[in-house]
Amino acid sequence: MSNETDQETAATTGEGGGDIVKSSTMMSTQHQHHHHHHIMSTSVEEVDEQVLEMTQSTTTVSSSNSSSGNTTNNIHSRAQKSYKNLHEFSEEMLETEKAGLVERVYDLERQVLEHKDEIVCLKSTLADVLRRLATIDNSYENSTSGSGRGGTGTPAAGGAGGGSGGHHTVSDNVSASGQNSLSSKSFRFSRNTLTRRRLNSTVDEKRFGRVPSRVTSSPSRVKTNLAQKAIHYSNGSLHSDSMSSHSISPAPSPSPRQPNASAVANSHHALLASSGGMGKRWSSTGDFISTPGSPSGTGSSGSMSRFSAKSLLNLSGNSSRQGQTHPYVQRKNEDDEYVKLYISGRPIVIHLPEAQLSTYELTKVQPAPNRRLRLDWAYGYRGKDCRSNLYQLPTGEMVYFVAAVVILYNMDEHTQRHYLGHTDDVKSLAVHPNKLLVASGQCGGHEGRDSLPHILIWNSVSLATLNMIGCGEFTGSINCLSFSRADSGSILAAIDDSPDKIISIWDWQKKEGGRKITETKCSVDTVVAVEFHPLDKGQIITIGKNHIAFWSLDQNGMLYKRMGVFESFEKPKYVTAISFTQTGDVVTGDSSGNLAVWKRGTNVISRFLKKVHEGPVFSICALRNGGFVTGGKDGLLLLFDDALHIKAEQIVEAHFGAVRVVAEGKGSQLLIGTTKNCILSGDFTLSLVPIVMGHTDILWSLATHPQVAQFVTGGRDRLLQLWDSLSHSVVWSKDIGEPIHAVQIANAGDVIVAGGVGGRWSVFDIVTRELLATYTDGQEVIQCMQFSPDGNLLAVGSKDNCIYIYQCTKVAHRFSKIGKCTGHSSFISHLDWSKDSQVLRSNSGDYEILYWNPTLCRQITSQSTVKNLEWATQNCSVSFETIGIWPENFDGTDINSVCKDGEEQFLVCADDFGKIRLFSFPASQPKSLSHSYRGHSSHVTAVQFMHDGVRLLSAGGMDTSVLQWRVV
């Protein structure tokens, strides 16, 4: 009995032990199951089956033999092995889930960026719509108010097409009712302006969280000037926020009568007292008057600008002392029939017309004209030596630059607007992540603090300047700019192209002038680009000669640098292009034609594509679908998918140049800027179409068609180009094989003559551009050419100091030489014909003015014969009609070109400092007041009025641009 009892007890104990083991196992399984609750249900069932099998085995063994210790050890061993397998399985599952989570985060980031882009497009479109609605409203009020006021109307600009039709008028007389109308319109414009500012502020607040009050609503100097400008430009005429696609000058004066000096003085002091200093520091409209603080001509000052009034005050105080003397013009006796004009210390005798002998006084002040110039169109693009300067905005405009002008061009509407805040060459461009704001950087200019290298932040819809960054802080030009992208564009990076290649980081929203967060030396070699990482805050990449650098900006404003490591891959001489994948990897192109992918967060290459292009890769454009387009010096465009597999290619024709920059346009369209200063549009299915063309080297010569709206240009790049000023396009372009220094169109409009080097000049058919004939006169450069008014003679001025006279024949391209005029002691610079075609007038490099009988090729020395002549053109810069264009202390070479309109109302001169100045004709008084305009960044080599006298053309020398102005 006792043995049976013991066996039963042992069996009971064994079963209990099995229950304990089973319970422990189940508790452990439940704990593991709770810890790994994210494991898939199928995996949990497999684990439960293993545990159940193990438990059953344990129960069987325990019940069969209570003393089997070894068996118990085996059970624990099997349990530990199962737990180990379970842990490894869970770790594998965690890794899988982690990888999937990273992919989902990347996908969410991409979707967020796409949604942000859509929101930005909507906001930009809304801002542009508000601008257009306000413009239509103001234009309607202007037309109704203008028709209700009396006085002589002054024609203003018509549509963007630039034709002579479609004008509206602005009254020149201000009555009491007219003043009330102006006041109401000023209020209306201010209200619209405030509406746009509220929109922009709302956009910025939502984008940035909060915009510093200095930028949005603080009455700082910048915003005060902008508000005052809005009020002053709302006088019933034109303003930059108009429906017109042009940049606008201030409105013409409302008063046709010129005030006396005391009236101007009173008006001037009253203006200063009321405005508290209404001078504008930067201009974002077509009125780019170089004299600061020029109001738009309202009030009693008539057509006088603030500069004019100040000049009158100075002159009126000194007139009694000066008498018949002047710092650079002298007339010793009132009976003298001549004056002496001193240029560079040399006296030049200029005889007075008989009608002027009794009335001419040196102390008289000739007022500036009642009309102004407005920039109508800018021809050209700077792709030869600048990168990352072509962008598509959500408003449908593409933004790029040439000379000192940033151009906003709407390809669908074929219209331009212009930002004219810069004083010298624009070298860099960056678009804010909100797609509304633009940053543009320039090089150093000629005069004043505002001509120092600096960055301007401006609104692309209103063209209002928000801030000037770094004036006085940079020593070289700003050749690279980039807004931060991961923090909604709150900071700006800039590369100073100084010998030390300084990288600086700016909080551009802080106060006037911005706040420099930090700066440091970037590289000893050239830096070609700087970019913020689109996903990682504070991460910056710079590329250039022999380097790619990864920078980190910490919260304390310190920059830390890691150089890119090429390891076993080929290290290029230049890293030339940069972009980013949607997952944040960095993609670069180099001077050897290779592409490299740098893993996000590292400075090592994860993938290398060798010899994608033959030669340097100049641009990498990331597409909205995740793909890429690359462009290189070989003229090849390559389309890649998101895995960097080539899908298509396109060739840019060689005469357009190599690919400099690629930007994504509307839909599938691409915008391609080239090294020959062209912009093309197209895709990989259709051919590329040029939409902007220009010269690539110094532009020397310009001539207008005598009958139609066309003009011809020529330069050092050997290109002879015929343009249409209505369609704003190139009719044809021809490489003539040598630099072009002078061009002219025959009176009949059928041939073009072009003067080159080595004494050669050629004749081309204006329709077929065929070379018809070539002539040679001397061995020097042909400086200038001019047809006589009757079309029978052609004068050719050479650098050999001679003028060659030709007889035009019935065959357009055949010319018969009459002889040459000798007598100048320097090269021939300018030529004019008298209206009767009987006398030729010439200027030379040493400021001589001589007169010639062209049929005899003899000099006319009798002044009584020539001093009363009327001249068909006004090309000579040294003459009685141009005494007033020479400021004090000007060098004789500073004035490059002058011209007058056909009705002899205006005289325009162009100088070495990029200025265009508009005078009343003739500018015969030493103190002749003018309106001054900027836009060119180099010496302006030529100015010419079109045949209609409404449009003016200017050629920009080294900036290679042609600017088309309109008299308004």
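What counts and how
Residues numbered from 1 in each chain as written. Predicted model: local features only at pLDDT ≥ 70, side-chain atom pairs only at ≥ 80, totals over all residues. Heavy atoms only, no water. Helix = DSSP H or I, 4+ residues; strand = E, 2+ residues; numbered from the N terminus. Buried < 20%, exposed > 50% of the residue type's maximum accessible area, 1.4 Å probe, protein only. Contact = heavy atoms within 4.5 Å. Areas by Shrake-Rupley, 256 points an atom, 1.4 Å probe, with all protein chains shown as cover. UniProt positions renumbered as here; feature names shortened; annotations may be inferred. Disulfide = S-S within 2.5 Å. Core = buried A, V, L, I, M, F, W, Y, C linked by side-chain atoms within 4.5 Å. pLDDT = per-residue confidence, 0-100. Phe/Tyr/Trp six-rings, centres within 6.5 Å; stacked < 30°, edge-to-face > 60°. Lys NZ or Arg CZ within 6 Å of the ring centre and 35° of its normal. Pairing = 2+ DSSP bridges. Axes fitted to C-alpha atoms, helices over the stretch in contact; angles between N-to-C directions. Salt bridge = Lys/Arg side-chain N within 4 Å of Asp/Glu carboxyl O. Polar contact = N/O pair within 3.5 Å; in protein donor to acceptor, adjacent residues only side chain to side chain.

What the protein chain contains, in helices and strands, is nine helices and 59 strands. Looking at the protein chain as a whole, 56% of its 968 residues qualify as buried. Once local pairs closer than 6 in sequence are excluded, the contacts in the protein chain between residues at least 24 apart make up 53%. If you sum the accessible surface of the protein chain, you get close to 40000 Å²; carbon and sulfur atoms cover 50% of it.

The UniProt feature table records "repeat: WD" (unreviewed entry) at residues 692-724, 775-807, 821-853 and 933-968. The distance separating the terminal C-alpha atoms of residues 775-807 is 13 Å; by composition the span is 0% helix and 58% strand.

For the structure shown, the criterion picks out zero disulfides. Not part of a disulfide, Cys386 finds its nearest cysteine sulfur in Cys443, a span of 9.3 Å. Under the relative-accessibility criterion, Cys386 is labelled buried at 2%.

This part covers the nonpolar core. Counting residues in hydrophobic clusters, the biggest one holds 43 residues, and the most contacted among them are Leu390, Tyr400, Ile916 and Leu952. Here this core takes five residues from strand β7 (residues 373-379), the largest share from any one element. Residues Ile348, Ile860, Ile895 and Val898 belong to the second largest nonpolar core, which totals 30 residues.

The residue after Phe921, namely Pro922, is reached through a cis peptide bond having omega -5 degrees. When you line up the elements, Pro922 lands in the loop between β54 (916-920) and β55 (927-928). A positive phi angle, near 65 degrees, is found at Lys435, a position not held by glycine. Among the secondary structure elements, Lys435 is positioned in the loop between β12 (426-431) and β13 (437-442).

The predicted model of the protein chain has a mean per-residue pLDDT of 78, with 72% of residues at 70 or higher. Contacts from residues 1-44, a stretch scored under 50 in pLDDT, to residues over four places away or in other chains number 20 contacts. Long-range and interchain partners of residues 61-66, a stretch whose pLDDT sits below 50, account for four contacts in this model, where long-range means more than four residues apart.

Attention shifts here to the packing of aromatic side chains. All told, the structure shown has 20 aromatic pairs when counted by the stated rule. Arranged with centres 4.3 Å apart and planes meeting at 5 degrees, the rings of Tyr419 and Trp458 form a pair that is stacked. Linking Tyr419 in strand β11 (residues 415-419) with Trp458 in strand β14 (residues 455-459), this pair joins segments that are 39 residues apart in sequence. Neither residue differs from the other here; Tyr419 and Trp458 are each classed as buried. For the ring pair Phe711 and Trp723, a centre distance of 5.8 Å and an interplane angle of 0 degrees mean the geometry is stacked. Taken together, the positions of Phe711 in strand β37 (residues 710-715) and Trp723 in strand β38 (residues 719-724) put the pair twelve residues apart, joining distant regions of the chain. Residue Trp723 is classed as buried on the basis of its relative accessible area, which comes to 2%. Grouped by ring-pair contacts, the aromatic residues Trp761, Tyr775, Phe787, Tyr806 and Phe815 constitute a single cluster. For Arg660, the ring lying beneath its charged end belongs to Phe618, and the centroid distance is 4.6 Å.

Moving on to the sheet that holds strand β42 (residues 760-765). Sheets are built from strands paired through backbone hydrogen bonds, the pairs being either parallel or antiparallel. Ordered in space as β40-β41-β42-β43, the four strands form an open sheet in which the pairing is antiparallel. On the outer flanks of this sheet lie β40 (742-745) and β43 (771-776), each paired with one strand and no other. On average, each strand axis in the sheet is inclined to that of its neighbour by 20 degrees, with strand direction left out of account. Note: β40 against strand β41 (residues 751-755), four bridges, orientation antiparallel. Bridge pairing in β41 links Ile745 to Ile752.

On to the side chain of Thr423. Looking at where Thr423 falls in the secondary structure, it is placed in the loop between β11 and β12. Given the relative accessible area of 11%, Thr423 is considered buried.

Once their charged atoms are close, side chains differing in charge can pair, the charge on each being opposite to the other. Enumeration according to the criterion identifies 23 salt bridges in this entry. Between Arg374 and Asp376 there is a salt bridge; the shortest N-O distance is 3.6 Å. The same class applies to Arg374 and to Asp376, which are both buried. The salt bridge partner of Asp497 is Lys501, with a shortest N-O separation of 3.9 Å. Look at Asp497 and you get partly exposed, because its relative accessible area is 33%. One salt-bridge network, in which partners are shared between bridges, spans Lys835, Glu870, Lys900 and Glu904.

Here we come to the sheet that holds strand β48 (residues 828-833). Reading across the sheet, the four strands line up as β48-β49-β50-β51 and stay open at both edges, with antiparallel pairing between neighbours. Of all the strands in the sheet, just β48 and β51 (858-859) have a single pairing partner and so form its edges. Sheet topology places strand β50 (residues 849-853) next to β51; two bridges connect them, and they run antiparallel. Paired with Trp852 across the strands is Gln859, a residue of β51.

The topology assignment puts Trp852 in strand β50. For Trp852, a relative accessible area of 0% translates into the label buried. Separated by 30 residues in the primary sequence, Trp852 and Thr822 have C-alpha atoms spaced 9.7 Å apart. In this structure, Trp852 is in contact with Ile803, Cys821, Thr822, Gly823, His824, Gln838, Val839, Leu840, Ser842, Arg858, Gln859 and Ile860, ignoring residues within four places of it in sequence. Side-chain polar atoms of Trp852 contact the side chain of Ser842, separated by 2.8 Å.

Structurally, Phe656 can be placed in the loop between β31 (646-651) and β32 (659-664). As a C-alpha pair, Phe656 and Pro690 span 34 residues in sequence and 8.4 Å in three-dimensional space. Ignoring any residue separated from it by four or fewer positions in sequence, one finds Phe656 in contact with Thr674, Lys676, Cys678, Leu680, Pro690 and Met693.

The buried fraction of strand β49 (residues 840-844) amounts to five of the five residues, a majority that puts the element mostly inside the structure. Here β49 shows a buried face lined by Leu840, Ser842 and Ser844 and a second buried face lined by Arg841 and Asn843. With five bridges joining them, β48 and β49 adopt antiparallel strand pairing. From the neighbouring strand, His830 faces β49, where its bridge partner is Asn843. Linking β48 back to β49 in an antiparallel pair, the connection comprises six residues, with Ser837 at a positive phi of about 65 degrees. Hairpin remark: β49 followed by β50, antiparallel, with four residues in the connecting loop; positive phi at Tyr847, about 70 degrees.

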